[in-house]
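Architecture at a glance
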Amino acid sequence: METAIRIDNLRVDYGETTVLSGIDAEIKKGEIAVILGSSGCGKSTLLKTITGLIEPRQGHVEVLGYNTATLDEEDQSKLATRLGVMFQYGALLNSLTVGENIALPLEMHTDLPRAQINQIVRLRLDSVSLEGTQDRMPSELSGGMRKRVALARAMALDPEILFCDEPSAGLDPVTAAEIDRLLLTLNRSLGITIVIVTHELLSINRLDGRLIMLNGGQVVFSGTVEEAQRSKHSVVYPFFHPGEASP
Amino acid sequence: MSSIYIEGSTLFLKEALVLANLSEIEKAIRLLFSESPSDRWQVNLDALERLDTAGALFLHQLPDLADQYKSSLSLGPLPEHLKSIFKFATPLPNAVASTPPHLPFLERFGAAIFRLSQRAADFLYLMADLSYFSMQAVWNRRTLRRDAFVDQAYSIGAQALPIIGLILFLIGAVSALQSAAQLRQFGADIFVADLLAIGITTELGPLMTAIMVAGRSGSAIAAEIATMKFSEELDALRTMALDPLRFVAVPKMWAMVATVPLLTILADFIGILGGTVIGVFSMGISPTAFITQIISSLFLKDIVTGLVKSAFFAWIITVIAVYRGINFSGGAVGVGQAITSAVVSSLVGIIVLDLAFNLLFY
């Protein structure tokens, strides 16, 4: 399988604090990669570094063959259109309607006529079970609906890689399972590479992707869910067997 | 609720030792220690029935309390049902306070200068980028969001007109009254019209309009952008390959630059109207004479200078508001600070620009 994302010796600092150090990882095209770990371990920072929102202090990130640290504006724009990002709290533009939010990347990066854009918006909303909400404002939606709209917007340009930051955090079990099902469908039906940041054990088991576990800003485990469940590692074991004493 | 008494050097605690009676018990024990000195105290807890975490913590600390009165103290056995809570509420070891390393003055001074120069560079870069993107939007109209421009122009211009009109009407009236008080001494009442017309069009109109816009719209821009940053909307735009400056700030810049000069024209007119009302009704000058005097004293250059100034005021207000919004950090408090600093910095920027224009034109 081809490589979608390659991370070499990555280090990220926030001021004087080192958040990530010595991160090496590779994510293949078409796979589901789950970045997991306890709160504050650097998961979201890693995701933001991969998507180019944070500049690393050291090392480099290669996404779809582009070295994100050395991209000029044009290549940055080209790469961004091949990626979709779903933020933890949706990050919908509150001044635009649901439909306008989803249409935004299409309007800005394509020359499609309005009617066609509207069709795509409706299709995207239907795929997240929110058909008919295009004229509503984000403030009128529940947390779960906002996340689903964010997923629809992230999918607007048919990205090759979809990044999701805590897609099911703070949602009721039914909505969380629904979002996981959507992500699995996108991966299996469209072959999209999906990178998910989460610490929800149920989601991790449902998605059954390749795990990259962080602790203290470093990768402490990489492997399948089954391997993680069997692992006796002092960080991995308590995560997958909460409440049980480490062996 | 509780009782405490001593027999010899044994202190008996009965019934309850809980948060509600802790203060009372502590006072009683201190009194006993001071009034009945003993080298060695024994505490009998056999009759203690209830204990909460605060009470347990107090029991743990009793030996230290006795130590303050130069005596020692040992606790007797606790009833079985209270042992677990006593163990649970074991005091934590004192944390060693970590003090930040003390840097020498020169190092701190250098760091402060470095931070300041970095902020100045960031501000200048943003000023250049925003100005460039705004100019670029004139030729590449696709990048300018017309709906956002219209909404902003309506909010900055039309919605601000009533308050700006009221303020300028009052300022025009006050200016006329102040000028009349001086000019009347020389029998030159009619020249109130000249002072009013020139003062309002060249200085007070553009300046007061800009100050009102900075307080009203500059703060709104800073708050909106700071909130967008907080809710990751700006990050979302970046991930969609949309530059937040182009997408969010450019429509605001054009709305400001287009509407503030228009507001200034109206403010000039209303300000002169306010002065005219005073001239006619308070000073008894005929309306025709007053208006003729105003028209004869005004030159196109005065009006144009005021309008050019107001366009630059609009530009600096937007640049500062966007800078403060984008560089916001923290939560609700950070948004408040971004708004305050946007307004204060804008006022300074407006006055500095005004001085520069006055040096240039007069």
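Data block above holds the structure.
These remarks concern the structure in this document. Since this is a predicted model, take the numbers as computed values, not measurements.

Attention now goes to the interface of chain A and chain B. Accessible area lost upon the coming together of the parts is a frequently used measure of interface size. The partner chain B presents 10 residues to the 16 residues of chain A that form the contact. Only helix 2 (73–80), strand 6 (83–86) and helix 3 (98–109) of chain A provide two or more residues apiece to the side of chain A that touches chain B. Top element by residues in the side of chain A that touches chain B is helix 3 of chain A. It accounts for 4 residues. A breakdown of the residues in the side of chain A that touches chain B according to their chemical character gives 11 nonpolar, 5 polar and no charged.

Take the nonpolar core next. Among the nonpolar cores identified, the biggest contains 139 residues, and A:I35 and B:I317 are the most heavily contacted of them. When residues in this core are grouped by element, the largest group, 17 residues, is from helix 7 (residues 192–230) of chain B. Beyond its immediate sequence surroundings of up to four residues, A:I35 is in contact with A:K43, A:L46, A:L47, A:V195, A:I196, A:V197, A:I212 and A:L214. By size, the runner-up hydrophobic cluster in this structure holds 14 residues, among which are B:F33, B:W41, B:A56 and B:F86.

Here we take up the sheet that holds strand 4 (residues 58–63) of chain A. All names here are of chain A. Spatially, the 4 strands line up as an open sheet ordered 2-1-4-5, and their pairing is antiparallel. A strand with exactly one partner marks an edge of an open sheet, and here the two such strands are strand 2 (17–28) and strand 5 (66–67). Both strand 4 and strand 5 contribute to a ladder of 2 bridges, which runs antiparallel. The residue of strand 5 that forms the bridge with V63 is Y66.

Residue and element names in this part refer to chain B. Mapping Q68 onto the fold places it in helix 2 (residues 53–68). Among the residues examined, Q68 registers 10 C-beta atoms within 10 Å and is labelled exposed. Distance in space between the C-alpha atoms of Q68 and S34 is 10.0 Å, their sequence separation being 34 residues.

Turning next to the packing of helix 4 (residues 105–139) of chain B against helix 9 (residues 244–281) of chain B. Residues and elements named next belong to chain B. Packing of helix 4 against helix 9 brings their axes to within 9 Å, and their N-to-C directions diverge by 75°. One element, helix 4, and the other, helix 9, form an angle in the roughly perpendicular class. On helix 9, the residues touching D129, L130, F133, S134 and A137 of helix 4 are L245, R246, A249, V250, M253 and W254. For the contact of helix 4 with helix 9, the residue count by class is 8 nonpolar, 1 polar and 2 charged.

We now examine the environment of A:I192. Residues and elements named next belong to chain A. Among the secondary structure elements, I192 is positioned in the loop between helix 6 (173–190) and strand 8 (193–198). For I192, a count of 21 C-beta atoms within 10 Å gives the class buried. Distance from I192 to I161, taken between C-alpha atoms, is 5.8 Å for residues 31 residues apart in sequence. Those residues in contact with I192 that sit more than four places away from it in its chain are P159, E160, L162, L186 and N187.

The periodicity of an α-helix, 3.6 residues per turn, causes residues three or four positions apart to be oriented the same way. Residue and element names in this part refer to chain A. Taking 1.5 Å per residue, 14 residues should reach 20 Å; helix 4 (residues 114–127) reaches 20 Å between its end C-alpha atoms and fits that length. Burial in helix 4 covers these residues: V121, R124 and L125. Buried residues of helix 4, seen end-on, are gathered within an arc of 95° and therefore sit on one face of the element. Helix 4 presents A115, Q116, Q119 and D126 as exposed residues on the side facing more than 90 degrees away from its buried surface. Looking at the buried positions of helix 4, the neighbouring elements they touch are helix 3 and helix 5 (143–154). S129, located one to two residues past helix 4, shows a positive phi value of around 60°.

Turning to the sheet that holds strand 10 (residues 218–223) of chain A, a few remarks are in order. All names here are of chain A. The mixed open sheet is built from 6 strands, whose spatial order is 6-7-8-3-9-10. A single partner strand is all that each edge strand has here, and the edge strands are strand 6 and strand 10. Here the strands of the sheet are splayed against their neighbours by 15° on average, with no regard to which way each runs. Across 5 bridges, strand 7 (residues 161–165) lies against strand 8 in parallel orientation.

Here we take up unusual backbone geometry. Here the phi dihedral of A:D158 falls at roughly 50°; this positive angle occurs in a residue that is not glycine. Within the fold, A:D158 resides in the loop between helix 5 and strand 7. Non-glycine residue B:E15 carries a positive phi angle of around 60°. You can see B:E15 is positioned in strand 2 (residues 10–17). The partly exposed category is assigned to B:E15, around which 14 C-beta atoms lie within 10 Å.

The rules behind these values
- Residues numbered from 1 in each chain as written.
- Chains lettered and ligands numbered in written order.
- Predicted model: local features only at pLDDT ≥ 70, side-chain atom pairs only at ≥ 80, totals over all residues.
- Contact = placed C-beta atoms within 7 Å.
- Helix = DSSP H or I, 4+ residues; strand = E, 2+ residues; numbered from the N terminus.
- Nonpolar A, V, L, I, M, F, W, Y, C, P; charged D, E, K, R; others polar.
- Core = buried A, V, L, I, M, F, W, Y, C linked by C-beta atoms within 7 Å.
- Buried ≥ 20, exposed ≤ 12 C-beta atoms within 10 Å, placed from the backbone.
- Pairing = 2+ DSSP bridges.
- Axes fitted to C-alpha atoms, helices over the stretch in contact; angles between N-to-C directions.
- Parallel < 35°, antiparallel > 145°, perpendicular 65-115°, else oblique.
- Expected span 1.5 Å × (residues − 1).
- Arc of directions from axis to C-beta.

Note that every value here comes from positions in space, so none of it alone points to a role or purpose.
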